[in-house]
Amino acid sequence: MKIFKNIATYASTKKSFVTIGTFDGVHLGHQKVIKNLVESAKKNNAESVLLTFFPHPRMVLQKNANIKLINTIDERIELLENIGLNTLIIQEFSDEFANLSAFEFVKTILVDQLNIKKLIIGYDHHFGKNREGNFNSLVAFGLQFNFEVTEISQKDISNITVSSTKIRCAIEQGEIQKANSYLGYNFTLIGTVVKGKNLGKKIGFPTANILIKETYKLIPKTGAYIVKSSINNKLIYGMMNIGYRPTVSGKNQTIEINFFDFDEDLYNQVLKIEVLTFLREEKKFDSIEYLKSQLNKDKQKSLEYINGTFFESN
């Protein structure tokens, strides 16, 4: 997959089949649109081109929204690459870009720059200044500039409407299994292992403290989770705590993972953590011993889940 960080640098002699959007999450609905694009382009000897934006348009247009994203831009690139696209264009979304009219966007971007032959979009797609452009105006532009427009209907995308907003809400509420079912893969956290206070090690539950540099990355609600990670090409399961460690009077939120049957130095390594399911709420225990007892119960539940004998009623 070829990646362009600016639409102005893209050039191809081939006609292009294009889809447009932020694609946060690259969820099942997104995947349906993109696979349709890739297959159609192959059949017609055209270039499959996905035009996406960073920062997220709402970060620019609603500066006080403080939106958190399911994927970092690097995660999004990896997910899109796995689908088989020819070309990914990551256009910086700015106030200037947002002020392009629907006509200007179609003429200067799609027609002049991308050499478009076909546009494939999801249902309810809007574009251009003040979201003035829609499917009907795209069809009209297509007739004017000789390109085809195909809309993937809501029904075709999923029997249950999948949306990035719905997935974000599920993650924020700790409904990880629901979010994963919408995504079509496990929600991930990618971060660097940093030094902690070694409190976990002292009570028999050593943890890897993960620091995520992208401040816009969505973090699940506080609590304990079952996770897995590939470390040195080996699949390792564990349990993760996101929270403030109230039992030891913690003040800052941390992300700590206790890997099972694993005892290697991970400092400064970048880990990709797949979040599998929610275990329990974070709580303050009366003593370290009570905390240790709970961690043993959490580990037992985690192992039951991993071995396929875990039930929600446990």
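All values reported here derive from a predicted model rather than from experimental measurement. (Residues numbered from 1 in each chain as written. Predicted model: local features only at pLDDT ≥ 70, side-chain atom pairs only at ≥ 80, totals over all residues. Heavy atoms only, no water.)

### Some remarks on the overall build of the protein chain
Here's step 1: When you go through the protein chain residue by residue, the secondary structure sums to 11 helices and 12 strands.
Here's step 2: If one aligns the C-alpha atoms of the protein chain with their principal axes, the spans along those axes are about 75 × 40 × 35 Å.
Here's step 3: Residues classed as buried in the protein chain amount to 49% of the 314 residues present.
Here's step 4: Long-range pairs, those at least 24 residues apart, make up 73% of the contacts in the protein chain between residues at least 6 apart in sequence.
Here's step 5: When the accessible surface of the protein chain is summed, it comes to about 16200 Å², and 47% of that surface belongs to carbon and sulfur atoms.
Here's step 6: The positive charge centre, built from 40 side chains, and the negative charge centre, built from 33, are 1 Å apart in the protein chain. (Helix = DSSP H or I, 4+ residues; strand = E, 2+ residues; numbered from the N terminus. Buried < 20%, exposed > 50% of the residue type's maximum accessible area, 1.4 Å probe, protein only. Contact = heavy atoms within 4.5 Å. Areas by Shrake-Rupley, 256 points an atom, 1.4 Å probe, with all protein chains shown as cover. Lys, Arg positive; Asp, Glu negative; His and termini not counted. Charge placed at Lys NZ, Arg CZ, Asp CG, Glu CD.)

### A closer look at the nonpolar core
Here's step 1: By size, the foremost hydrophobic cluster in this structure holds 55 residues, and its most contacted members are Ile34, Met240 and Phe259.
Here's step 2: Examining the composition of this core, we find that 5 residues originate from one element, helix 1 (residues 28-43), more than from any other.
Here's step 3: Leaving out residues up to four positions away in the same chain, Met240 has contacts with Leu189, Gly223, Ala224, Tyr225, Val227, Ile255, Glu256, Ile257, Ile273 and Val275.
Here's step 4: Core analysis: the next-biggest nonpolar cluster, separate from the first, contains 29 residues, Val49, Phe53, Leu114 and Ile121 among them. (Core = buried A, V, L, I, M, F, W, Y, C linked by side-chain atoms within 4.5 Å.)

### Observations concerning the sheet that holds strand 4 (residues 87-92)
Adjacent strands of a sheet pair through backbone hydrogen bonds, lying either parallel or antiparallel.
Here's step 1: In space, the 6 strands of this open sheet follow the order 1-4-3-2-5-6, with parallel pairing throughout. Looking along the sheet, the strands with just one partner apiece sit at the ends: strand 1 (2-4) and strand 6 (148-152). Geometrically, the sheet is characterised by an average inter-axis angle of 20° between neighbouring strands, direction not taken into account.
Here's step 2: Judged from the 5 bridges that link them, strand 2 (residues 16-20) and strand 3 (residues 47-54) form a sheet pairing that is parallel. Paired with Val18 across the bridge in strand 3 is Val49. (Pairing = 2+ DSSP bridges. Axes fitted to C-alpha atoms, helices over the stretch in contact; angles between N-to-C directions.)

### Things to note about the sheet that holds strand 10 (residues 234-243)
Here's step 1: Reading around the circumference, 7-8-11-10-9-12 is the order of the 6 strands in this closed barrel, with antiparallel pairing throughout. Pairs of neighbouring strands in the sheet enclose a mean axial angle of 45°, with direction left out of account.
Here's step 2: Strands in contact with helix 11 (residues 288-306) are strand 9 (223-231), strand 10 and strand 12 (270-280); relative to strand 12, the strand with the most contacts, it is inclined by about 100°.

### Here's the deal with the pattern of salt bridges
Oppositely charged side chains can form a pair if their charged atoms are brought close together.
Here's step 1: Considering all chains together, one arrives at 9 salt bridges under this definition.
Here's step 2: Residues Lys272 and Glu78 are paired through a salt bridge, measuring 3.4 Å at the closest nitrogen-oxygen approach. One end of the pair, Lys272, is in strand 12; the other, Glu78, is in helix 3 (residues 73-81), with 194 residues separating them in the sequence.
Here's step 3: Between Lys107 and Asp112 there is a salt bridge, with its nearest N and O atoms 3.0 Å apart.
Here's step 4: For Lys107, a relative accessible area of 28% corresponds to the partly exposed category. (Salt bridge = Lys/Arg side-chain N within 4 Å of Asp/Glu carboxyl O.)

### Remarks on unusual backbone geometry
Here's step 1: Put simply, Phe54 and Pro55 share a cis peptide bond, and its omega is 0°.
Here's step 2: Along the chain, Pro55 turns up in the loop between strand 3 and helix 2 (57-61).
Here's step 3: The residue Phe23 is not glycine, and still its phi comes out positive at about 55°.
Here's step 4: Residue placement: Phe23 occurs in the loop between strand 2 and helix 1.

### Quick notes on helix 9 (residues 176-183)
Here's step 1: Along helix 9, the positions that sit buried rather than exposed are Ile176, Ala179, Asn180, Tyr182 and Leu183. Relative to the axis of helix 9, the buried residues are bounded by an arc of 160° and lie together on one face.
Here's step 2: Where helix 9 is buried, its residues touch helix 1, helix 8 (164-172), strand 9 and strand 12.
Here's step 3: Positive phi shows up at Gly184, right after helix 9, with a value of about 85°. (Arc of directions from axis to C-beta.)

### Quick word on the pairing of strand 8 (residues 208-211)
Here's step 1: In this sheet, strand 8 lies alongside strand 7 (residues 188-194) in antiparallel orientation, the contact comprising 3 bridges. Each bridged residue has a counterpart across the sheet, and for Val193 the counterpart in strand 8 is Ile210.
Here's step 2: Pairing between strand 8 and strand 11 (residues 254-259): 2 bridges, direction antiparallel. Across the sheet, the residue bridging to Ala208 is Ile257, located in strand 11.

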